[in-house]
Amino acid sequence: MSISLAAEPDRLLPAEPGVRKIARGLLELVSDLPIISPHGHVDAAVLDKNSPFPDPATLLISPDHYVTRLIHASGVPLDRLRVGGSTAASPRDVWREFAKAWPLFDGTASGYWLRSEFEHVFKLEHEISEATADATFDAIQSRLSEPGFRPRQLFKDFNIEVLATTDDPLDSLESHAALAADATFQGRVLPTFRPDAYLNISHPTWIENVDQLITTAGDGTTGYAGYIRALENRRQHFVDHGAVSADHGVRTPQTLKLDRAEAESLFNKARRGEATETDRDAFEAHMMYEMARMSVQDGLVMTVHPGSFRNHHLPTFEKYGADTGHDIPFAVNYTEAIRPVLQDFGTAEGFNLILFTLDETVFSRELAPLAGFYPAVYVGAPWWFLDAPDAMLRFRSAITETAGFYRSSGFIDDTRAFCSIPARHDASRRIEASFLARLVAEHRVSESRAAELIVDIVDAAPRRAFKL
Amino acid sequence: MSISLAAEPDRLLPAEPGVRKIARGLLELVSDLPIISPHGHVDAAVLDKNSPFPDPATLLISPDHYVTRLIHASGVPLDRLRVGGSTAASPRDVWREFAKAWPLFDGTASGYWLRSEFEHVFKLEHEISEATADATFDAIQSRLSEPGFRPRQLFKDFNIEVLATTDDPLDSLESHAALAADATFQGRVLPTFRPDAYLNISHPTWIENVDQLITTAGDGTTGYAGYIRALENRRQHFVDHGAVSADHGVRTPQTLKLDRAEAESLFNKARRGEATETDRDAFEAHMMYEMARMSVQDGLVMTVHPGSFRNHHLPTFEKYGADTGHDIPFAVNYTEAIRPVLQDFGTAEGFNLILFTLDETVFSRELAPLAGFYPAVYVGAPWWFLDAPDAMLRFRSAITETAGFYRSSGFIDDTRAFCSIPARHDASRRIEASFLARLVAEHRVSESRAAELIVDIVDAAPRRAFKL
Amino acid sequence: MSISLAAEPDRLLPAEPGVRKIARGLLELVSDLPIISPHGHVDAAVLDKNSPFPDPATLLISPDHYVTRLIHASGVPLDRLRVGGSTAASPRDVWREFAKAWPLFDGTASGYWLRSEFEHVFKLEHEISEATADATFDAIQSRLSEPGFRPRQLFKDFNIEVLATTDDPLDSLESHAALAADATFQGRVLPTFRPDAYLNISHPTWIENVDQLITTAGDGTTGYAGYIRALENRRQHFVDHGAVSADHGVRTPQTLKLDRAEAESLFNKARRGEATETDRDAFEAHMMYEMARMSVQDGLVMTVHPGSFRNHHLPTFEKYGADTGHDIPFAVNYTEAIRPVLQDFGTAEGFNLILFTLDETVFSRELAPLAGFYPAVYVGAPWWFLDAPDAMLRFRSAITETAGFYRSSGFIDDTRAFCSIPARHDASRRIEASFLARLVAEHRVSESRAAELIVDIVDAAPRRAFKL
């Protein structure tokens, strides 16, 4: 693999020369547009403190479960990658494991992003390989000590206009406040309200979480009423700090409208530790309905990310914790599940509901039809395993003929890998240009409309869907 | 968007010049063949009466839920589109809303059809836009008053040989009879037996429908025996009026063979209004079995259209009625569900069973394998949200390697939008040419066989599958 | 259809000239590599005895349910194809039916393989057609009487290095032993342990099978302990005869870890013929867990082939037996189902678990993510209805971006049609070259890495996944 692939100006564009030429023209229109990242997992404190990044492995490998998972699949235990706080290996050892495993990444989205970062962010002169492991480690390490590689400078160099983080409802949001108050920092760094640990009864610390939530933010009210009040209050706290959306990492897309007495009874049962699995499902589905109701009131865009079996390999979870590469998707169904919410709020003024999926079958079958009728519904961009070149093309092909180009959310990088943000957005823009170029070549969209559409997709769509 | 896209001779054909050339050659072989439309929703009375179409909006926008849904998704209430009989807006106002929303249709199947109609049927000189809304409304309105735009003349100009309608079992079929008896009208307009409202217990007026059915056509027999007799009689009435198929818009593809006593007991329970959800499902599944049995006897081709959650948004249904753009597909499974019918009739002489799906996953997984073994089974053409260029290519790719080219139904326009019929069939022919051209270019099918195949697909397949 | 299509050097390669050129270069690197066939259904006795093949129909048509099914779909009863031992028709009559039906095979995988065999194995000079039926029958018949068409010579000419068969656990494996001991035969012919009939309670002769198994191989132990012991012993017998894998044709991918007492109790209940459907499912799922446990111990690669509704058409099954063309896939889910096995053995040293599917949706959603984390998991090659050109491209597109190129099993022909083996492997290599060529043209993989990858995919991958 040659690092120079990432320098190819036509990378990811379709091979057919006529279509490529059209795609190249469309890409030019958007390649300098600022990055809008309305959903991701970068820590705001990183930008607030602006400390130098520690070392190549700690920056690029150990915390990125997209990367460690594939090395693990080749038989390398996670402690040799310093996953989950392990310090059994040194960062340099981790980098050597990575360099050895690098050929495994050919053809993958992660490999594409990393290669782009090596070329465009770190300007590496050597290809990654076992032989160059130490040299590349040292080269990146050296870059990281330069002032130009501090988080705030990269934020500026990456041309990021908006970056949303994902935050606990009880987070003080002090880093966000500090950044907003800091006249020397120009970007918008917005919090996102993510209440899973307070809504999901089966969360290991749900009872304590709820106790703390009510105590902190319930205005003195207790029980279910205090719980609802506290959630409303904390959402307002997020709104006050610039949040535009609330994100929900649910098991399934199920929603349900319970009457107050039923909801209260399940809530009390759950706090006593007596909720059954059925109770749990009903309560969580009900709380999704409640979140939609609150979104209609406070204006936070509601994003739903269902369908991942979290922590599939229990021994790994127990040793290394969550988000360590073994969340595995499963089939989901939106049509019946989301109906209670859409029944009541699908045409509600100002309500934006963005539906994501890891199950591609849902795109043409359910999400495009839903977004093609309900003003509230936007089709979430291809997410997680699906934000890759071929998968993004399949997405556009699956939804456009039913829902057109104006009913999807715009690209979401959803990443905790800060340095991969430009590569991800660049890849997405290249794929949008490729898809549109084909439609132009097939005389399905005029070239002038394609030029408008790509700017809309890259720039206007995320602003529209996320109210930016 | 330029209307002239619809004038491009190579529209929808693959971009690669070598493949496009082959496709163009194949397309030429079928572009002048007559249209065979064995399943659709045009009203026979329109052709019988041959009245002029009222105005552009009433013809092209208000009744077409493909079109109104996407405008609605952009936030326009349906009464501003005169949906469901609303007269809150004038036809001209509706057209203005449509013109404003026109950019939303880029990339969609509906946009493609409309653009084709504007170019080839109405020969509009202006592109649709907010600015040209009144001019285009007036231009079409003026065309509609010309004698050449009466339904019968368009039928002839569209080169339609056969047009099937979809009709209530108790319909007198007088329009069909009148057309058949009219020596001045050359086309075949055939009724289709569609008994959903008499088979589906959960239909709001099922009890009254059944009462009327038995009274009208039960030969004096009452109860379940009268019900079955009446259905058989009405099917015969349709056969006598030229019907070739019976269509079934079922919730799921479930079929079930109950013994007579069980069926009778469920039927009686349902007429007393006491049927449970389980009873309902069992009875409907049983009646699908009965419909298959009758098809074997009377020769009507059986078509099955499952997997749409009808009237998903209850408030819209209550205000505007059914077929207003919020029927949303869901996952279906045919393999086990259709087995009771195939067990008994899958190899029955002369039985044709055409299976449609809105869930694309079923094509390669279930329908192609079923149609590749059972002489009775044909894979239904891509339907509803799937009769779009990319989706039709995915369909051919999904089924051909297992079932070949002779086990699918041929194109079905399934439309109530009369003026869109030529555009839909033309698009389908272009896609078939595109798919075959790729196989030719990849040396998988010879050019001479491709020439035979495209004629078979366009012309012979629907005649074969629908016994025309 | 021209037989000469099979002689086109660029067959199956992408049409775009630039991509085709790259694909051609990649194909050249692997077209002379030996065939490794780690999973299939050829009978070892055929090679051991080396008898001439009887006649064209008995060799190529009657036993190949891929072929007979599509002829059957056109209305030809299976007895006219000598299926299931029927002798109602002569081989020549069967061939005539086939020749008449030959146009139905255009575009199908089976048609592609047959055309390749006619060109490259039998060197037919005439195209297949009704008119040439007798001439082509005679030409092949004549070839079959030549010494060069004996099984062992073909094995050598086909350049087969390894051929795995599929065998009953109580098979003596004497043909395998004889071949291994025969210095005049150079290939490796390996047995595969396939215990479905001993694990699946609903198998019609399960009770007798189990009795015989315990009696034969239980070391005198009886009951559940003897059953487990006997399975372990027979697996060892297979290992001693060169087996590298155990294959499991299960209904669903469900696995379950029961404690010994529970398993024993279900086993005893089943032997008394008292097992319910729930018992059956639980016991089968448990035995999958046991098979995994044994694989960890004895090193046999575990392959899982779920999701086919066997013998869908009961009347055909009753008349002609199993494997007669009406096994129909259905939707499966691996994520939760396979978890019990992966929980305990997903990272076990030396455990290889290859997961196949007939439900394509599982590739991107479940199998690529699983294989991208668990060292034990390999994604099984596209199987059965999916080992066709377009389907194989969809497979690579679906898994590569998540799992890369090193986590799949390599091609599996899975065939009982001996003479189709070269055509199948050749088609697979052409598709791998096509997929890689596109990635090269899109600057996603360098040309030099693509050259390494295609050799790995064709040669190293099956050796790695199957421990050859």
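Reading the values: the criteria
Residues numbered from 1 in each chain as written. Chains lettered and ligands numbered in written order. Predicted model: local features only at pLDDT ≥ 70, side-chain atom pairs only at ≥ 80, totals over all residues. Heavy atoms only, no water. UniProt positions renumbered as here; feature names shortened; annotations may be inferred. Helix = DSSP H or I, 4+ residues; strand = E, 2+ residues; numbered from the N terminus. Rg over C-alpha atoms; globule rule 2.2 N^0.38 Å. Buried < 20%, exposed > 50% of the residue type's maximum accessible area, 1.4 Å probe, protein only. Areas by Shrake-Rupley, 256 points an atom, 1.4 Å probe, with all protein chains shown as cover. Lys, Arg positive; Asp, Glu negative; His and termini not counted. Charge placed at Lys NZ, Arg CZ, Asp CG, Glu CD. Least-squares fit on C-alpha atoms with pLDDT ≥ 70 in both. Contact = heavy atoms within 4.5 Å. Pairing = 2+ DSSP bridges. Buried area = accessible area lost by both parts, 1.4 Å probe. Salt bridge = Lys/Arg side-chain N within 4 Å of Asp/Glu carboxyl O. Polar contact = N/O pair within 3.5 Å; in protein donor to acceptor, adjacent residues only side chain to side chain. Nonpolar A, V, L, I, M, F, W, Y, C, P; charged D, E, K, R; others polar. Axes fitted to C-alpha atoms, helices over the stretch in contact; angles between N-to-C directions. Left-handed = near helix turned anticlockwise from the far one by under 90°. Expected span 1.5 Å × (residues − 1). Domains from an automatic or database assignment.

As recorded in an unreviewed UniProt entry, chain A goes by the name Uronate isomerase, listed as coming from Crystallibacter crystallopoietes. According to the UniProt record, the Sequence similarities (unreviewed entry) comment for chain A is "Belongs to the metallo-dependent hydrolases superfamily. Uronate isomerase family." Regarding chain A, the relevant UniProt record gives this comment under Catalytic activity (unreviewed entry): "D-glucuronate = D-fructuronate".

Visitor: Honestly, the overall build of chain A in this entry has me stumped. Any pointers?
Guide: Helices and strands together make up the secondary structure of chain A, namely 20 helices and nine strands. In summary, chain A has a C-alpha radius of gyration of 22 Å against a globular reference of 23 Å for 468 residues, a match within 12%. In terms of its C-alpha atoms, chain A occupies a principal-axis envelope of roughly 65 × 60 × 45 Å. Counting every position in chain A, which comprises 468 residues, the buried fraction comes to 65%. When the accessible surface of chain A is totalled, it reaches about 15,500 Å², and 49% of it is carbon and sulfur. Positive and negative side-chain charges in chain A, numbering 47 and 66 respectively, have mean positions lying 1 Å apart.

Visitor: Sorry, what's going on with the relation of the copies chain A and chain B here?
Guide: The relation between the two chain copies is a rotation about an axis coupled with a shift along that axis. Between chain A and chain B, the superposition needs a rotation of 120° and an axial shift of 0.0 Å, giving an RMSD of 0.0 Å. The two molecules are tied by a three-fold rotation axis, judged by turn and shift. Proximity to the rotation axis, assessed at the C-alpha, singles out E16 of chain A in chain A; its C-alpha lies 3.7 Å from the axis. An asymmetric contact is evident, with only 5% of the interface residues of chain A recurring at the interface of chain B.

Visitor: I tried to follow the pairing of strand 5 (residues 301–304) of chain B on my own but got confused; where do I start?
Guide: Two faces, one strand: in a regular strand the side chains alternate between the faces of the sheet. Residue and element names in this part refer to chain B. Of the two faces of strand 5, the one holding V301 and T303 and the one holding M302 and V304 are both buried throughout. Here four bridges tie strand 4 (residues 245–248) to strand 5, and the two strands are oriented parallel to one another. Bridged to H248 within strand 5 is V304.

Visitor: Whenever I open this one, the relation of the copies chain B and chain C confuses me. Can you help?
Guide: Each copy superposes on the other: chain B lies on chain C with an RMSD of 0.0 Å after a rotation of 120° and an axial shift of 0.0 Å. When the interface residues of chain B are mapped onto chain C, a mere 5% of them are again interface residues, pointing to distinct binding faces.

Visitor: For this particular structure, what's the right way to read the side chain of D279 of chain A?
Guide: All names here are of chain A. On the secondary structure map, D279 appears in helix 14 (residues 277–298). Assessed through its relative accessible area of 11%, D279 is described here as buried. Ignoring sequence-local partners within four residues, the contact set of D279 consists of L266, K269 and E274.

Visitor: Which parts of the structure should I look at to understand the interface of chain A and chain B?
Guide: Accessible area lost on assembly of the parts is the figure often given for the size of an interface. Contacts between chain A and chain B engage 41 residues on the former and 50 residues on the latter. For the pair chain A and chain B, the summed buried surface comes to about 3,700 Å²; carbon and sulfur atoms form 57% of the total. Per-residue buried area on chain A facing chain B is highest for F373, E401 and H443 of chain A; these three make up 22% of the total on that side. Across the contact surface, chain A and chain B share four salt bridges. The closest approach of N and O atoms between R438 of chain A and D390 of chain B, which form a salt bridge, is 2.7 Å. Counting every contact that joins chain A to chain B gives 28 residue pairs in polar contact (both at pLDDT 80 or more).

Visitor: Sorry, what's going on with the interface of chain B and chain C here?
Guide: Counting from both sides, the interface comprises 41 residues of chain B and, opposite them, 50 residues of chain C. The contact between chain B and chain C buries some 3,700 Å² in all, and 56% of this surface belongs to carbon and sulfur atoms. Of all residues in chain B, F373, E401 and H443 of chain B bury the most surface against chain C, accounting for 22% of the area lost on that side. Across the contact surface, chain B and chain C share four salt bridges. Summed over the shared surface of chain B and chain C, the result is 27 residue pairs in polar contact (both at pLDDT 80 or more). Contributions of two or more residues to the side of chain B that touches chain C are made by helix 16 (339–345), helix 17 (361–371), helix 18 (389–403), helix 19 (421–441) and helix 20 (447–465) of chain B. Per-element tally for the side of chain B that touches chain C: the top contributor is helix 17 of chain B, with seven residues. Here the side of chain B that touches chain C is composed, by residue class, of 17 nonpolar, 13 polar and 11 charged.

Visitor: Is there a simple way to explain the sheet that holds strand 3 (residues 188–190) of chain A in this structure?
Guide: Hydrogen bonds along the backbone pair up the strands of a sheet, which may run parallel or antiparallel. Residues and elements named next belong to chain A. With respect to topology, three strands assemble into an open sheet ordered 1-2-3, the strand pairing being parallel. Of all strands in the sheet, those bounded by a partner on one side alone are strand 1 (35–37) and strand 3. Neighbour-to-neighbour, the strand axes of the sheet open up by a mean angle of 10°, direction not taken into account. In terms of strand pairing, strand 2 (residues 160–164) meets strand 3 through three bridges, oriented parallel. If you follow A164 over to strand 3, its bridge partner there is L190. Docked against the sheet, helix 19 (residues 421–441) engages strand 1 and strand 2, running at close to 105° with respect to strand 1.

Visitor: How do you make sense of the packing of helix 6 (residues 109–121) of chain A against helix 19 of chain A when you look at a structure like this?
Guide: Two packed helices can be described by the angle between their axes and the distance between those axes. Residue and element names in this part refer to chain A. Taken N-terminus to C-terminus, the directions of helix 6 and helix 19 make an angle of 115°; their axes are 9 Å apart at the nearest point. Crossing handedness for the pair helix 6 and helix 19: right-handed. Facing Y112, W113 and S116 of helix 6, the residues of helix 19 in contact are A423, R424, D426, A427 and R430. Residue composition of the contact of helix 6 with helix 19, by class: four nonpolar, one polar and three charged.

Visitor: Could you clarify how one ought to interpret helix 12 (residues 223–240) of chain C in this entry?
Guide: Count 3.6 residues to each turn of an α-helix, and residues three or four apart come out pointing the same way. All names here are of chain C. Its 18 residues give helix 12 an end-to-end C-alpha distance of 25 Å, which sits within 8% of 26 Å, the value for a rise of 1.5 Å per residue. Residues G223, Y224, G226, Y227, I228, A230, L231, R234, R235, H237 and F238 constitute the buried set of helix 12. Each element contacted by the buried residues of helix 12 is listed here: helix 10 (196–199), helix 11 (206–217), strand 4 (245–248), helix 13 (260–271) and helix 14 (277–298). Looking at the residues trailing helix 12, positive phi occurs at G242, about 95°.

Visitor: Help me understand the pattern of salt bridges in this model?
Guide: Charged atoms that come close allow side chains of opposite charge to pair. The final tally for this structure, using the stated rule, is 122 salt bridges over all chains. Here R365 of chain B ties to D359 of chain C by a salt bridge, and the two come within 3.3 Å at their closest N and O atoms. Highlighted residues: R365 of chain B in helix 17 and D359 of chain C in the loop between strand 8 (353–355) and helix 17 (361–371), drawn from two different chains. Since its relative accessible area comes to 3%, R365 of chain B is described here as buried. Using a relative accessible area of 2% as the deciding quantity, one classes D359 of chain C as buried. In this structure, R235 of chain C and D298 of chain C form a salt bridge, with 2.7 Å as the shortest nitrogen-oxygen distance. Here R235 of chain C, found in helix 12, pairs with D298 of chain C, found in helix 14; they are 63 residues apart in sequence, far enough to count as distant.

Visitor: Please clarify how the domain arrangement of chain A should be interpreted in this entry.
Guide: Residues and elements named next belong to chain A. Domain boundaries assigned for chain A yield domain 1 (52–149) and domain 2 (159–465). Placing the centre of domain 1 and that of domain 2 at their C-alpha centroids yields a distance of 29 Å. With 19 residues of domain 1 at the contact, the number on the domain 2 side is 21 residues. Ranking the residues of domain 1 by area buried against domain 2 places H65, Y66 and W113 at the top, with a combined share of 34%. Linking domain 1 with domain 2 are one salt bridge, by the criterion used here. Counting every contact that joins domain 1 to domain 2 gives three residue pairs in polar contact (both at pLDDT 80 or more). Looking at the side of domain 1 that touches domain 2, the elements with two or more residues in it are helix 3 (56–61), helix 4 (65–73) and helix 6. Examining the composition of the side of domain 1 that touches domain 2, we find that six residues originate from one element, helix 6, more than from any other. Its residues assigned to classes, the side of domain 1 that touches domain 2 comprises 12 nonpolar, three polar and four charged.

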